[in-house]
Amino acid sequence: MLKHKPLYQAMINAVSQTLENMVFMEVMEHFDRSYEIPAEDLAWNSLLINDPVQGEIRLAMAKTFLRKLTGNIFSIDDEEITEPQMNDIQNELLNTIVGLFLTNLLEDDQEYKMGLPELGEEEWPEADANTIIWKLMTDEEDALQIHAAGASLVAMKDE
Amino acid sequence: MKRIIIADDSTTARMFIKRCLQIIGLGDAEIIEAEHGKEALTAAKAQPVDLLLTDLNMPVMDGETLVKWVKASPKLSDLPVVVITSAGNPAKEEQLLALGAHRVLNKPVSPPVMMEALADFLDD
């Protein structure tokens, strides 16, 4: 059986490290566990983990939040923001989060392989029994949602 | 003036690296941006370059293949290569260093980490 560290905290730490370093924002668990990002304002992307476990990590956030991040990161005004810039930031956030998540989760000598981030073209997939959900928010109360989907990932869930 | 290649398929990542370079005193360096390893390799062969900063996970040619090609090329084998990746762990780092990478840094990279990694380069 694959040795690993606590899964839930590994993701929270990964998201915190990423947002603190990239956009100077703190991240915590959302105070409202029932909160859902409104579907009409939701942007999501996904990235496959290929080895040593197989699964998919999905990141969802409000388009308004993504737009705010884009303006901050590129230091540009709202009217200058383009969709490719927003997409690129969302993909880079997910790429960094997943890399840190696997580093935090797995033992030091355990290699891993991950794919490239892809933008979600269809509706945000509903969580099923093989999905772990993180509902998070920044210190400015912008919501983020993460799904880890796949039986072998879920098998690593903390007791 | 130093000439530096940044290879990453993400515009955001390249911008973060450029900002780090500016903060640590390399703001006047000529930056050549490449979206994948093949583009970086072509740029490195086309003109003399002082430093190559590369991501690992990229389309067309990944960073690991790029390191192998650079280190196998008589013309480029002395070029310092720093890998900046979200897909790095101690096992991967060891493997990349064995291939000839100068350093392996984890994303998101910060100016102090970049400064420490490029200390030798900055002293020149």
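Calculation rules
- Residues numbered from 1 in each chain as written.
- Chains lettered and ligands numbered in written order.
- Predicted model: local features only at pLDDT ≥ 70, side-chain atom pairs only at ≥ 80, totals over all residues.
- Heavy atoms only, no water.
- Pairing = 2+ DSSP bridges.
- Helix = DSSP H or I, 4+ residues; strand = E, 2+ residues; numbered from the N terminus.
- Axes fitted to C-alpha atoms, helices over the stretch in contact; angles between N-to-C directions.
- Phe/Tyr/Trp six-rings, centres within 6.5 Å; stacked < 30°, edge-to-face > 60°.
- Buried < 20%, exposed > 50% of the residue type's maximum accessible area, 1.4 Å probe, protein only.
- pLDDT = per-residue confidence, 0-100.
- Contact = heavy atoms within 4.5 Å.
- Salt bridge = Lys/Arg side-chain N within 4 Å of Asp/Glu carboxyl O.
- Buried area = accessible area lost by both parts, 1.4 Å probe.
- Core = buried A, V, L, I, M, F, W, Y, C linked by side-chain atoms within 4.5 Å.
- Arc of directions from axis to C-beta.
- Polar contact = N/O pair within 3.5 Å; in protein donor to acceptor, adjacent residues only side chain to side chain.

> What am I meant to see in the sheet that holds strand β1 (residues 3–7) of chain B here?
Pairing between the strands of a sheet is mediated by backbone hydrogen bonds and can be parallel or antiparallel. All names here are of chain B. Reading across the sheet, the 5 strands line up as β2-β1-β3-β4-β5 and stay open at both edges, with parallel pairing between neighbours. The open sheet terminates on both sides in strands that have one partner only, identified here as β2 (30–34) and β5 (103–106). When the angles between neighbouring strand axes are averaged without regard to direction, this sheet yields 20 degrees. Here 4 bridges tie β1 to strand β3 (residues 51–54), and the two strands are oriented parallel to one another. Opposite Ile4, over in β3, you have Leu51 as the bridge partner.

> Honestly, the packing of aromatic side chains in this entry has me stumped. Any pointers?
The geometry of an aromatic ring pair is captured by the separation of the ring centres together with the interplanar angle, meaning the angle of the planes. Residues and elements named next belong to chain A. One pass over the structure, following the stated rule, counts 3 aromatic pairs over all chains. Summarising the aromatic geometry, the rings of Tyr8 and Trp134 are spaced 5.4 Å apart at their centres and angled 20 degrees between planes, so their arrangement reads as stacked. Of this pair, Tyr8 sits in helix α1 (residues 7–23) while Trp134 sits in strand β6 (residues 131–138), and the two are 126 residues apart along the sequence. A ring pair is formed by Phe101 and Trp134, whose centres lie 6.3 Å apart and whose planes are at 75 degrees; its orientation type is edge-to-face. Residue Phe101 is located in helix α3 (residues 83–105), and its partner Trp134 is located in strand β6; the two are separated by 33 residues in the primary sequence. What makes Phe101 buried here is its relative accessible area of 0%. Classification of Trp134 as buried rests on a relative accessible area of 0%.

> Could you clarify how one ought to interpret the confidence of the model for chain A in this entry?
A low pLDDT means the predicted coordinates there should not be read in detail. For chain A, per-residue confidence averages 92 on the pLDDT scale, and residues scoring 70 or more make up 99% of the total. The secondary structure element of chain A with the lowest average pLDDT is helix α4 (residues 151–154) of chain A, at 88, and the one with the highest is strand β3 (residues 55–62) of chain A, at 97.

> Looking at this structure, how should I read the environment of Leu93 of chain A?
All names here are of chain A. Checked against the element boundaries, Leu93 lands in helix α3. Leu93 gets classed as buried once you look at its relative accessible area, which sits at 2%. Expressed as a C-alpha distance, the spacing of Leu93 and Leu59, which sit 34 residues apart in the sequence, is 8.8 Å. Each residue touching Leu93, except ones within four places of it in the same chain, is listed here: Thr18, Leu19, Met22, Leu59, Met61 and Leu69.

> What's the story with the pattern of salt bridges in this structure? I'm lost.
Scanning all chains against the criterion turns up 13 salt bridges over all chains. The residue Asp78 of chain A makes a salt bridge to Arg67 of chain A at a minimum N-O spacing of 2.9 Å. Taken together, the residues Asp78 of chain A in the loop between α2 (63–74) and α3 and Arg67 of chain A in helix α2 connect sequence positions 11 residues apart. What you see here is one network of salt bridges that share partners, running through Glu92 of chain A together with Asp8, Asp55 and Lys107 of chain B.

> Would you mind showing me how to read the interface of chain A and chain B here?
With 23 residues of chain A in contact, the opposing surface of chain B contributes 23 residues. Across the interface of chain A and chain B, roughly 1,800 Å² is buried in total on both sides, 55% from carbon and sulfur atoms. Our enumeration of links across chain A and chain B arrives at 1 salt bridge. When the shortest N-O distance is used, the salt bridge between Lys107 of chain B and Glu92 of chain A registers 2.9 Å.

> How do you make sense of the nonpolar core when you look at a structure like this?
One recurring pattern in soluble globular proteins is that nonpolar side chains are buried together. The biggest cluster of nonpolar side chains holds 57 residues, and the ones touching the most others in it are Val15, Ile57, Phe101, Trp134 and Leu153 of chain A. Of all the elements, α3 of chain A adds the most residues to this core, at 10 residues. Filtering out sequence-adjacent residues up to four positions away, Leu153 of chain A remains in contact with Leu7, Ile49, Val53, Gln54, Gly55, Glu56, Ile57, Phe101, Ile132 and Ala148 of chain A. Residues Leu41, Leu52, Leu56 and Leu96 of chain B belong to the second largest nonpolar core, which totals 23 residues.

> Looking at this structure, I do not really get helix α3 (residues 63–72) of chain B. What am I missing?
Working note: α-helix, 3.6 residues per turn, so residues spaced by three or four point in the same direction. Residue and element names in this part refer to chain B. The complete set of buried residues in α3 reads Gly63, Glu64, Leu66, Val67 and Val70. Down the axis of α3, the sector holding all buried residues measures 160 degrees, keeping them to one side. Check the buried side of α3 and you find it contacts β1, α2 (37–46), β3, β4 (81–85) and α4 (90–99). Near the N-terminus of α3, the side chain that reaches the backbone nitrogen of Glu64, with its oxygen 3.2 Å away, is that of Asp62.

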